[in-house]
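# Architecture at a glance
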Amino acid sequence: MKSIIATDKAPGAIGPYSQAVEATPFIFTSGQLPVDPATGAFAGATIEEQTRQSLTNVKAILEKAGSSMDKVLKTTVFLSDMNNFAAMNKVYAEFFTEGSYPARSAVEVARLPKDALVEIEAVAIK
């Protein structure tokens, strides 16, 4: 069964998509930009600030769905500049438990919406 997940603790969808979709036992989040849901603006200008906010948004969506960061199976990280990988990676590690990190892909893209530095999506279990 397919269920739509939505929370006001993460930015709302700005197009024809959902924050996340649950197909029990899996939860698929849409890519999360570093938008602070309280202000509608980017959480900062650095890769560290933007990574932290993107992952905070992923976390809020998963929690709304009854899941958590510990249940993330796979993430995809989209970077506007691969030179930011090490700094992104340092913040990323703060959100996951060592020894049970999810699988991950990280790719550089030509451009992200609103010229963000990072966008992160996740697949988790409930």
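The coordinates are above.
Scoring rules and cut-offs
Residues numbered from 1 in each chain as written. Predicted model: local features only at pLDDT ≥ 70, side-chain atom pairs only at ≥ 80, totals over all residues. Heavy atoms only, no water. Helix = DSSP H or I, 4+ residues; strand = E, 2+ residues; numbered from the N terminus. Buried < 20%, exposed > 50% of the residue type's maximum accessible area, 1.4 Å probe, protein only. Contact = heavy atoms within 4.5 Å. Pairing = 2+ DSSP bridges. Right-handed = clockwise from strand over helix to strand, strands pointing away. Arc of directions from axis to C-beta. Polar contact = N/O pair within 3.5 Å; in protein donor to acceptor, adjacent residues only side chain to side chain. Axes fitted to C-alpha atoms, helices over the stretch in contact; angles between N-to-C directions. Core = buried A, V, L, I, M, F, W, Y, C linked by side-chain atoms within 4.5 Å.

## Overview of the side chain of S54
Looking at the secondary structure, you find S54 in helix α1 (residues 47–64). Residue S54 is classed as buried on the basis of its relative accessible area of 0%. When sequence neighbours within four positions are dropped, the list of residues in contact with S54 reads Q32, L33, P34, V118 and I120.

## Observations regarding the pairing of strand β5 (residues 103–108)
Examined bridge by bridge, strand β4 (residues 72–79) and β5 share six bridges and lie parallel to one another. The residue bridging T75 from the neighbouring strand is R104, located in β5. Once you follow β4 into helix α2 (residues 85–93) and on to β5, the crossover reads as right-handed.

## Some remarks on α2
Those residues of α2 not exposed but buried are M88, V91 and Y92. The buried side chains of α2 occupy one side of the element, clustering within an arc of 105 degrees when seen end-on. Projecting away from the buried face of α2 at angles above 90 degrees are the exposed residues A86 and K90. Buried residues along α2 sit against α1, β4 and β5.

## Considerations on the side chain of E22
Looking at where E22 falls in the secondary structure, it is placed in strand β2 (residues 20–23). Within the structure, E22 has its side chain in polar contact with the side chain of T24 (distance 2.9 Å). In terms of polar contacts, E22 uses its side chain to reach the side chain of K126, at 3.3 Å.

## Section: the sheet that holds β5
If you walk across this open sheet you meet the six strands as β1-β2-β3-β6-β4-β5, and the pairing is mixed. Taken across any chain shown, the strands that pair with only one partner, and hence form the sheet edges, are β1 (2–5) and β5. Sheet twist, expressed as the average angle between the axes of neighbouring strands with direction ignored, equals 15 degrees.

## Considering the nonpolar core
Counting 24 residues, the largest nonpolar core has L55, L62, M69, V72, V77 and F96 as the members making the most contacts within it. If you list the elements that add at least two residues to this core, you get α1, β4, α2 and β6 (118–125). Those residues in contact with F96 that sit more than four places away from it in its chain are L55, M69, V72, T75, Y101 and P102.

## Thoughts on unusual backbone geometry
Negative phi is the rule for most residues except glycine; trans is the rule for most peptide bonds. For the bond running from T24 to P25, omega is 10 degrees, close enough to zero to count as cis. With respect to the helices, strands and loops of the structure, P25 is situated in the loop between β2 and β3 (26–29). The phi dihedral of K114 falls on the positive side, at around 60 degrees, and the residue is not glycine. When you line up the elements, K114 lands in the loop between β5 and β6. Residue D115 is not a glycine yet carries a positive backbone phi of 60 degrees. With respect to the helices and strands, the residue D115 is situated in the loop between β5 and β6.

## So, the environment of G40
Structurally, G40 is set in the loop between β3 and α1. Exposure remark for G40: the relative accessible area of 45% places this residue in the partly exposed category. Sequence spacing of G40 and T76 is 36 residues, and the spatial spacing of their C-alpha atoms is 23 Å.

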